[in-house]
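Structural characterization, general
Okay, here's what each chain looks like letter by letter:
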Amino acid sequence: MIAFPPRMSRPAPRLFLIRHGETEWSQIGLTPCKLLRADYLQACLRPVSKTGRSDILLTSHGEEQVKEQATVLVGEGRPIDPRNICMAFVSPRTRAHRTFHLLFEHLPKFPDHLITEEVREWDYGDYEGLVRQEILSRKPGWDIWRDGCVGGESAEEMQDRVDGVVAKIREYHRKWLEDGKGSQDVLIVAHGHFNRALIARWNNFPLTTGIAGNHFNVEPGGVAILSYNHRSLDEPALDALNLYAHAK
């Protein structure tokens with residue numbers, strides 16, 4: 001019989017990456033930096049700051065979807081088993097924080113978690129609330145993945161922020177895989193552009209080429225699973241995308 005090293009007997013470490021549930025914006029296919037008009041913002045949202053960190057709520061339908069999703073997705077013996085989560089990172093924006101609570105509120109306790117600006121949405125700066133055509137009129141040929149946002153985060157700054165999060169996750173995974181410390185899974189509840197950026201950087205694709213981020217779509221409430229080939233932290237991989245997302 002072949003004697004495997006202890007690390008080979010441990011389940012492979014994983015990252016569960018979840019986008020918040022449906023909001024008024026996502027319900028009609030809008031995102032903060034591309035399509036929303038100021039009159040719509042005034043009607044639907046709290047006052048919008050210039051920071052690119054607008055705080056909007058889940059719709060009632062979105063809340064019900066997440067609750068329904070939680071009964072299938074989260075719990076002992078289910079795909080996201082709280083016993084296997086060593087840490088969860090949650091964006092402070094209400095839509096993400098509320099999604100996290102709805103996913104776990106049917107259980108006796110929440111997993112260890114950190115509410116942190118590290119996983120907030122891209123800071124859209126001067127482009128907050130503008131339709132895409134309005135941004136293009138200011139900057140012809142604009143692409144967020146290449147050009148970033150004036151007055152907000154550049155693509156380089158977004159890449160650096162995401163890389164910092166990836167490094168922390170890899171350290172949790174290293175401790176589990178190599179030392180048997182903690183448990184196998186990390187969870188993030190965040191946003192559309194942030195999640196797309198993280199998937200790209202997890203797989204070592206640069207954001208600043210203007211190519212990588214456009215190849216990954218993440219739907220409201222959708223779950224991505226990121227892990228590794230051959231149990232090697234040097235071989236990151238995307239295992240699944242948009243699991244449990246509600247079809248449009």
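None of these values were measured; they are calculated from a predicted model.

Thresholds, definitions, all that
- Residues numbered from 1 in each chain as written.
- Predicted model: local features only at pLDDT ≥ 70, side-chain atom pairs only at ≥ 80, totals over all residues.
- Heavy atoms only, no water.
- Buried < 20%, exposed > 50% of the residue type's maximum accessible area, 1.4 Å probe, protein only.
- Helix = DSSP H or I, 4+ residues; strand = E, 2+ residues; numbered from the N terminus.
- Pairing = 2+ DSSP bridges.
- Core = buried A, V, L, I, M, F, W, Y, C linked by side-chain atoms within 4.5 Å.
- Contact = heavy atoms within 4.5 Å.
- Axes fitted to C-alpha atoms, helices over the stretch in contact; angles between N-to-C directions.

Description of the pairing of strand β4 (residues 185-190)
The buried fraction of β4 is high, at 6 of 6 residues. One ladder, built from 5 bridges, connects strand β2 (residues 85-90) with β4; its direction is parallel. Following the sheet pairing, A88 is matched in β4 by L187.

Thoughts on the nonpolar core
If you look at the biggest cluster of nonpolar residues, it comprises 39 residues, and the most contacted ones within it are L15, W122, I188, F194, L198 and W202. Counting only elements with at least two residues in this core, the list comes to β1 (14-19), β2, α6 (144-147), α7 (155-179), β4, α8 (192-202) and β5 (223-228). It is α7 that contributes the most residues to this core, 7 residues altogether. Not counting chain neighbours up to four residues away, the residues in contact with F194 comprise E118, V119, R120, E121, M158, R161, V162, V165 and I188. Ranked by size, the runner-up nonpolar core spans 22 residues in total, among them F16, V66, L73 and F104.

What about the sheet that holds β1?
Pairing within the open sheet is mixed, and its 6 strands lie in the order β3-β2-β4-β1-β5-β6. The open sheet is flanked by β3 (113-115) and β6 (236-243), the only strands paired with a single partner. Each adjacent strand pair in this sheet contributes to an overall mean axis angle of 15°, direction not counted. Contacts from α8 reach β1, β4, β5 and β6, with the element oriented near 155° to β1.

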